[in-house]
Amino acid sequence: MFSSKINSNLVKRAAAAPLNRLYSQLALSVNVNLPNGTSYEQPTGLFINNEFVLPKQKKTFEVISPSTEEEITHVYEAREEDIDIAVEAAQAAFNSDWATGDPAARVKALLKLADLIDQNAETLAHIESLDNGKSLQCSRGDVALSSQCIRSAAGWADKINGSVVETGDTHFNYTRREPLGVCGQIIPWNFPLLMLSWKLAPALATGNTIVLKSAESTPLSALYMANLIKEAGIPAGVVNIVSGFGKIAGEAIATHQKIKKVAFTGSTATGRHIMKAAAESNLKKVTLELGGKSPNIVFDDANVSKAVQSLVAGIFYNTGEVCCAGSRIYVQEGVYDQVLSEFKAAAEGIKIGNPFDEDVFMGAQASYAQLTKILKFIEIGKNQGATLITGGERVDDKGYFIKPTIFGDVTKDMDIVKEEIFGPVVTISKFKTVDEIVETANDSPYGLAAGVHTEDINKAIDVANRIKSGTIWVNTYNDFHQSVPFGGYGESGFGREMGQESLDNYTQVKAVRIGLTKKN
Ligand code: NAI
Ligand code: MG
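Definitions and limits used
- Residues numbered from 1 in each chain as written.
- Chains lettered and ligands numbered in written order.
- Predicted model: local features only at pLDDT ≥ 70, side-chain atom pairs only at ≥ 80, totals over all residues.
- Heavy atoms only, no water.
- UniProt positions renumbered as here; feature names shortened; annotations may be inferred.
- Helix = DSSP H or I, 4+ residues; strand = E, 2+ residues; numbered from the N terminus.
- Contact = heavy atoms within 4.5 Å.
- Patch = residues over 30% accessible without salt bridge, like charges linked within 9 Å, V, L, I, M, F, W, Y side chains within 5 Å.
- Areas by Shrake-Rupley, 256 points an atom, 1.4 Å probe, with all protein chains shown as cover.
- Salt bridge = Lys/Arg side-chain N within 4 Å of Asp/Glu carboxyl O.
- Buried < 20%, exposed > 50% of the residue type's maximum accessible area, 1.4 Å probe, protein only.
- Pairing = 2+ DSSP bridges.
- Near = heavy atom within 4 Å.
- Nonpolar A, V, L, I, M, F, W, Y, C, P; charged D, E, K, R; others polar.
- Domains from an automatic or database assignment.
- Axes fitted to C-alpha atoms, helices over the stretch in contact; angles between N-to-C directions.
- pLDDT = per-residue confidence, 0-100.
- Right-handed = clockwise from strand over helix to strand, strands pointing away.
- Expected span 1.5 Å × (residues − 1).
- Core = buried A, V, L, I, M, F, W, Y, C linked by side-chain atoms within 4.5 Å.
- Buried area = accessible area lost by both parts, 1.4 Å probe.
- Polar contact = N/O pair within 3.5 Å; in protein donor to acceptor, adjacent residues only side chain to side chain.

Under the feature "active site" (unreviewed entry), the UniProt entry names Glu-289. Within the secondary structure layout, Glu-289 lies in strand E14 (residues 285-289). Beyond its immediate chain neighbours, meaning those up to four positions away, Glu-289 contacts Met-195, Trp-198, Phe-264, Thr-265, Gly-266, Cys-323, Leu-448, Phe-486, Ser-492 and Glu-497.

On the surface, a nonpolar cluster with roughly 330 Å² of combined accessible area is contributed by Val-164, Phe-172, Ile-514 and Leu-516. Checked against the element boundaries, Leu-516 lands in the segment after strand E25 (507-515). In this structure Leu-516 comes out as partly exposed when scored by relative accessible area, which is 46%.

Strand order in the open sheet formed by 3 strands is E8-E9-E25, and the pairing between neighbours is antiparallel. Two strands bound the open sheet, and with one partner strand each, they are strand E8 (164-165) and E25. Relative to E25, strand E9 (residues 171-179) is paired through 9 bridges, and the arrangement is antiparallel. Of the residues in E25, the one forming a bridge with Glu-178 is Gln-508.

Once that is clear, we can look at the site of ligand 1. Lining the immediate environment of ligand 1, one finds 27 residues, of which Trp-189, Lys-213, Glu-216, Lys-373 and Glu-420 sit closest. Coverage of ligand 1 by the protein amounts to 86% of the 810 Å² it exposes when considered alone. Listed by contribution, the elements that provide at least two residues to the shell around ligand 1 are helix H8 (246-255), strand E13 (261-265), helix H9 (268-280) and helix H12 (368-383). Classifying every residue of the shell around ligand 1 by side-chain character gives 10 nonpolar, 11 polar and 6 charged. When residues are assigned to domains, the shell around ligand 1 turns out to be shared by domain 1 (4-289) and domain 2 (295-482), each giving three or more.

A few words now on the sheet that holds strand E22 (residues 471-474). Reading across from one edge, E17-E18-E19-E16-E15-E21-E22 is the order of the 7 strands in this open sheet, with mixed pairing throughout. Here the strands that pair on one side only, and so sit at the sheet edges, are strand E17 (387-390) and E22. With direction set aside, neighbouring strand axes in the sheet form an average angle of 25°. Bridging between strand E21 (residues 449-453) and E22 involves 4 bridges; their strand directions are parallel. In the strand pairing of E22, Gly-451 is matched with Trp-473.

The next point concerns the confidence of the model for the chain. On average, residues of the chain score 95 in pLDDT, and 95% of them reach the 70 mark or higher. Throughout residues 1-21 the model reports pLDDT below 50, and contacts reaching past four residues in sequence, or to other chains, amount to 54 contacts.

Glancing now at the UniProt feature "domain: Aldehyde dehydrogenase" (unreviewed entry) in the chain. Here the UniProt feature "domain: Aldehyde dehydrogenase" (unreviewed entry) sits at residues 56-512. Secondary structure content for residues 56-512 is 41% helix and 21% strand, while the C-alpha to C-alpha distance between its ends is 44 Å.

Turning our eyes to something else, we now look at the pairing of E14. Of all 5 residues in E14, 4 are buried, a share of seventy percent or more. The sheet contact formed by E13 and E14 spans 5 bridges and is parallel. Each residue of the ladder has a partner; that of Ala-263, found in E14, is Thr-287. Crossover E13 to E14 through H9 is right-handed.

Okay, unusual backbone geometry next. Look at Asn-50: it is not a glycine, yet its phi comes out positive at around 65°. Located in the positive-phi region is Thr-319, a residue other than glycine, with phi close to 50°. Look at Thr-319 and you get buried, because its relative accessible area is 2%.

Turning to its location among the elements, Ala-236 is positioned in the loop between helix H7 (220-231) and strand E12 (239-242). The sequence separation of Ala-236 and Glu-51 amounts to 185 residues, and the corresponding C-alpha distance is 8.1 Å. Beyond its immediate chain neighbours, meaning those up to four positions away, Ala-236 contacts Asn-49, Asn-50 and Ala-93.

The next subject is helix H10 (residues 304-316). Between its first and last C-alpha atoms H10 spans 18 Å; for 13 residues at 1.5 Å apiece the expected length is 18 Å, and the two agree. By the burial criterion, the buried members of H10 are Val-304, Ala-307, Val-308, Ser-310, Leu-311, Val-312, Gly-314, Ile-315 and Phe-316. In this fold, the buried residues of H10 make contact with strand E15 (295-298), strand E16 (328-332), helix H11 (336-348), strand E18 (405-408), strand E19 (425-431) and E21. Following H10 by one or two positions, Asn-318 has its phi on the positive side, about 55°.

In this structure, Leu-113, Leu-204, Ile-234, Val-239, Ile-241, Phe-316 and Phe-343 are the most contacted members of the largest nonpolar core, which totals 104 residues. A per-element tally of this core places helix H6 (residues 192-205) first, with 10 residues. Taken together, domain 1 (4-289) and domain 2 (295-482) each give at least three residues to this core, which thus spans both. Those residues in contact with Phe-316 that sit more than four places away from it in its chain are Phe-343, Ala-347, Ile-350, Phe-361, Met-362, Pro-404, Thr-405, Ile-406, Pro-424 and Val-426.

Attention now goes to the domain arrangement of the chain. Partitioning the chain into domains gives domain 1 (4-289) and domain 2 (295-482). Placing a centre on the C-alpha atoms of domain 1 and another on those of domain 2 gives a separation of 30 Å. Summed over both partners, the interface of domain 1 with domain 2 buries about 2600 Å², with 60% contributed by carbon and sulfur atoms. At the surface where domain 1 touches domain 2, the tally comes to 2 salt bridges. Measuring nitrogen to oxygen at the nearest pair gives 2.8 Å for the salt bridge that ties Arg-140 to Glu-358. Our count for the domain 1 to domain 2 interface comes out at 12 residue pairs in polar contact (both at pLDDT 80 or more). Counting only elements with at least two residues in the side of domain 1 that touches domain 2, the list comes to helix H4 (121-132) and helix H5 (136-157). In terms of residue count, H5 provides more of the side of domain 1 that touches domain 2 than any other element does, 9 residues in total. Broken down by class, the residue content of the side of domain 1 that touches domain 2 amounts to 14 nonpolar, 12 polar and 6 charged.

Quick look at the structure:
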């Protein structure tokens, strides 16, 4: 299937940690065949100063396609010394016109980058499905939102204004919103291209420079994007992209003395660790987008068939590997039986399998580690007494596919109700009153998102106001727009991505107060 295949007999080995070995023959770009009959050039090196280079130690690690468990290629691995080199490049670029010159240059480059993403949309979508396992339907959505997000940020780039502050005629005061400097960005594997775009867009619009590390299980689309970044005219050193492991390259970013900010999306445990590393190194600024256990609530007066569509999109979109997945469903007693039966039928009707089939909605889970984590939670759910309503198993023993899974008869102390599973596994339970459901919805240390389904606008707004989370979707779910900010309350993190708010994470305010001398 893949011309770059080095060894296709890897099914069993995929269970082990990714191979990390000296593979000095690996070219800086390999030709990869895609299932649609096309092929493309996949970069494998570290992207530093607008060039693909070898890391100092020349180590590589393998990249697996989760839908076949076959190796796609190897890529080169960045380690501490390579992060230092990338930071030097980013620092030099920060001391250039990129940060201090006319922002019109940033507008132009970002608009060009958005156009290049659109022009390469099909290739990018296929790379994403190959590397992450998600269906082409999902990948195409990621690509579209990526270019929209970058285009939207381009519109802000020449509108990053300070203000004049009046304090009387003895002084003149003004503020500037200045970029921070070199920013470290650490992204996860569930939306590799989209998380890269969410992070690059506001950082670039505001004139920062970047060292970005992709997730070890999905490095391919970031490296492909590197070529587009260069083609868009973004100057050398402004964006540096490395593949590598969290404990080595990620740690080097989080602890680096010259990195002024780290933006992270991933697990709450790693987010906590990164915040500590930032505090103990140079007090770099931190933004974290972490896990969730988001409630998706259906009231008696909801449009049931529309609500069921949102329940499905809420938990089975992107095979459930979504930080804001609606993983706790609560249905008011009057419509519980109807919602459950329609939701179960919808879940059982989902087409799951080869991510490249046009009508497949659910592809594979992203990695063997994620597959085993999800299956473990399914066992825990059964052992703790929940009723398995549907699913609960792998589809085949080749490829990391898990059936859409619904648990009923759950109690609030069960692990499957409290913990982030990050897969196509959802719990469903009944509630009676608005006050009861608001309390239940808020009974979580997380606060990323919530869904509210009702035709009563007063109830919708009341409940939206009372739920403690960064996003509330009313009569929709997993519904993003590049102008609408996204981020967490509580242990789901802080800082916002997309929209005007995302720019605040990448600027700092300088106040200039000038004492005036009055001439008579
Ligand atoms: P993780 O948080 O460890 O990995 C995410 C990113 O952080 C990767 O790029 C990784 O290389 C990096 N990283 C890991 N350790 C690091 C360290 N010490 N310093 C700096 N960077 C580090 O998440 P993992 O282990 O891949 O997944 C575990 C669970 O995390 C998932 O099952 C899911 O529940 C949650 N998760 C949540 C995501 C979200 O969107 N909020 C995304 C990915 C995972
Ligand atoms: Mg992969």
